[in-house]
Amino acid sequence: MSETSSPQEEATDNLPTPTFAGRLKLSEFIFTPEQKKSMPLQQPLRKSPRLLTSTSSSSTPLLQPSPSIPSPLKRSPSEPPSSISSPSKRKRPKPLPTPPGPLPLLPDAIAPNLILLFVGLNPGLLTSSTGHAYAHPTNLFWRLLHSSGITPRLCAPQEDRLLPSLFSLGLTNIVPRPTRNGAELSKKEMDAGVVVLEEKIREFKPEVVCIVGKSIWESVWRVRHGRGIKKEEFRYGWQERGEDMGKVEGGGEWNGARVFVACSTSGLAATLKPREKEEIFGELGEWVVKRRREREEEKGVGNGTDGGEDGGEGIGLVDDAEVKQES
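Per an unreviewed UniProt entry, the chain carries the name Uracil DNA N-glycosylase Thp1 and comes from Podospora pseudocomata.

Structure, rendered in structure tokens:
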């Protein structure tokens, strides 16, 4: 009986006899100088410009970004890229040069029986040169008057003479001499202005005096009490009735003007934040709006007519003929 082989055995018989010829021949992959000469030239590798700043030698200049392309880290969302400039290259406003010779004095805007009289420190250079109060663009005086309701609209410095006739508001200073800043004023000069201020209040009899700045009230306190005010004694806002200004002994119905101490509105005064300044003036503004409404009602009753709108322009709280401009 003959033997038969399976298909698996037949496939195994067809495989070649294993030898060492099929192993990897390392000698064929060894690099020789002759092969380098026959190799084609390759393009040099390109490097990122960022790596060149760290890998280049000190003699190689560093790559700088194009000046026309602003840095994304300095870009403001509200500004277009073309309007952004480096902080070091931004132009800062130059201080005003001190004019030669004496500076012109600033006239007061004052009239009898005002609702409120503002007392500032002294005129600055721009205020003196323009002849209008709080004229420097960084001064917050006019904006705080509007935001607090003391004036029903935003007024310009050129309207300072109209405040008594329009809104029953007045303007004066404790020191008339103009300077670049308040630091140029001496305590002696400020204390001397307190006596003049008291006489002015006694003459025109405003209902309330607003001291615009802590240093002004410190001078008033120093003259009245013969010493400096203590830290725990100072506060912004309404002062005690014993501190009323312009009192006249036996003055009858008028016993002096109530005092409200406000913060300085100068752009150089950065002790308080804008929000804190608005709160101080807001307290005063609430009283002014209420008192102005009461005066309008009294005027309407006296004339047999209805009172006008609160704080409206041309309210006529003070007759134009009574307005006095001090020189």
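So that's the structure; there's more coming.
Undergrad: Explain the environment of Val223 here, please?
TA: Of note, Val223 is situated in helix H8 (residues 214-225). Accessibility expressed as a relative area gives 37% for Val223, which makes it partly exposed. Between the C-alpha atoms of Val223 and Val195, which are 28 residues apart in sequence, the distance is 8.5 Å. Contacts of Val223, omitting those with residues within four sequence positions, involve Asp191 and Val194.

Undergrad: Is there a simple way to think about the nonpolar core in this case?
TA: Generally speaking, nonpolar side chains in soluble globular proteins are found buried as a group. With 29 residues, the main nonpolar core has Leu116, Phe118, Ile150, Leu171 and Leu284 as its most contacted residues. Apart from the residues within four sequence positions on either side, Leu171 is in contact with Asp108, Ala109, Leu117, Phe118, Ala133, Tyr134, Phe141, Trp142, Asp160 and Leu163. Among the nonpolar cores identified, the runner-up in size contains 26 residues, and Leu114, Leu185, Leu197 and Phe204 belong to it.

Undergrad: Could you clarify how one ought to interpret the side chain of Asp160 in this entry?
TA: Relative to the assigned elements, Asp160 resides in the loop between helix H5 (141-148) and helix H6 (163-167). The class for Asp160 is buried, based on a relative accessible area of 2%. Polar side-chain contacts of Asp160 include one of 2.7 Å to the side chain of Arg161. Setting aside anything within four residues of it in sequence, one finds Asp160 in contact with Ala109, Gly131, His132, Ala133, Trp142 and Leu171.

Undergrad: Before we go on, may I ask you to explain the pairing of strand E3 (residues 208-212) in this structure?
TA: For a regular strand, side-chain orientation follows a simple rule: the groups alternate between the two sheet faces. With five of five residues buried, E3 is to be regarded as a mostly interior element. Going residue by residue along E3, you find Val208, Cys210 and Val212 tucked away on one face and Val209 and Ile211 tucked away on the opposite face as well. Where strand E1 (residues 116-120) meets E3, four bridges bridge the pair, whose relative direction is parallel. Bridge pairing in E3 places Val119 opposite Ile211. With five bridges joining them, E3 and strand E5 (residues 258-262) adopt parallel strand pairing. What sits directly across from Val212, in E5, is Ala262.

Undergrad: Can you help me understand the sheet that holds E1 in this one?
TA: By way of backbone hydrogen bonds, the strands of a sheet pair with one another, either parallel or antiparallel. Read from one edge to the other, the open sheet built from five strands follows the order E2-E1-E3-E5-E4, with strand pairing classed as mixed. Sheet topology places strand E2 (169-173) and strand E4 (237-238) at the edges, where each strand pairs with a single neighbour. Pairing analysis gives two bridges linking E4 to E5, with the strands arranged antiparallel. Note that in E5 the partner of Trp238 across the bridge is Phe260.

Undergrad: What is the right way to read H5 from this model?
TA: Each full turn of the α-helix corresponds to 3.6 residues, which orients residues three or four apart in the same direction. Listing the buried residues of H5 in full gives Phe141, Trp142, Leu144, Leu145 and Ser148. Buried residues along H5 cover an arc of 165° about the axis, so they all sit on one side. With its phi angle positive at about 90°, Gly149 sits one or two positions after the end of H5.

Undergrad: I keep staring at the confidence of the model for the chain and nothing clicks. Help me out?
TA: Interpretation of this model should avoid reading the predicted coordinates in detail wherever pLDDT is low. Confidence along the chain averages 77 in pLDDT terms, with 61% of residues attaining 70 or more. When the criterion is pLDDT under 50, residues 79-90 qualifies, and its contacts beyond four places in sequence or with other chains add up to nine contacts. For the stretch residues 306-323, pLDDT sits under 50, and the model shows 46 contacts to residues farther than four places along the chain or on other chains.

Undergrad: Where do I start with the packing of aromatic side chains in this structure?
TA: Aromatic rings in a pair are described by how distant their centres are and how their planes are angled relative to each other. Counted according to the given criterion, the structure contains six aromatic pairs. Ring centres 4.9 Å apart and planes at 80° place the aromatic pair Phe234 and Tyr236 in the edge-to-face group. Three or more aromatic residues joined by ring pairs form one cluster here, namely Phe118, Tyr134, Phe141 and Trp142. Above the ring of Trp254, the side-chain terminus of Lys205 is found at 5.6 Å from the ring centroid. Above the plane of the ring of Phe234 lies Lys214, whose end atom (NZ or CZ) is 4.9 Å from the centre.

Undergrad: How do you make sense of H8 when you look at a structure like this?
TA: For H8, built from 12 residues, the straight-helix expectation of 16 Å at 1.5 Å per residue is met to within 8% by its first-to-last C-alpha distance of 16 Å. Residues Ile216, Trp217, Ser219, Val220 and Trp221 constitute the buried set of H8. Directly beyond the C-terminal end of H8, a positive phi value near 70° is found at Gly226.

Undergrad: Looking at this structure, how should I read the side chain of Ser148?
TA: Looking at the secondary structure, you find Ser148 in helix H5. On the accessibility criterion, Ser148 (12% relative accessible area) is buried. Only 2.7 Å separates the side chain of Ser148 from the backbone oxygen of Leu144, close enough to count as a polar contact. Reaching out from Ser148, the side chain makes a polar contact with the backbone oxygen of Leu145 at a distance of 3.2 Å.

Reading guide: rules and limits
- Residues numbered from 1 in each chain as written.
- Predicted model: local features only at pLDDT ≥ 70, side-chain atom pairs only at ≥ 80, totals over all residues.
- Heavy atoms only, no water.
- Helix = DSSP H or I, 4+ residues; strand = E, 2+ residues; numbered from the N terminus.
- Buried < 20%, exposed > 50% of the residue type's maximum accessible area, 1.4 Å probe, protein only.
- Contact = heavy atoms within 4.5 Å.
- Core = buried A, V, L, I, M, F, W, Y, C linked by side-chain atoms within 4.5 Å.
- Polar contact = N/O pair within 3.5 Å; in protein donor to acceptor, adjacent residues only side chain to side chain.
- Pairing = 2+ DSSP bridges.
- Arc of directions from axis to C-beta.
- pLDDT = per-residue confidence, 0-100.
- Phe/Tyr/Trp six-rings, centres within 6.5 Å; stacked < 30°, edge-to-face > 60°.
- Lys NZ or Arg CZ within 6 Å of the ring centre and 35° of its normal.
- Expected span 1.5 Å × (residues − 1).

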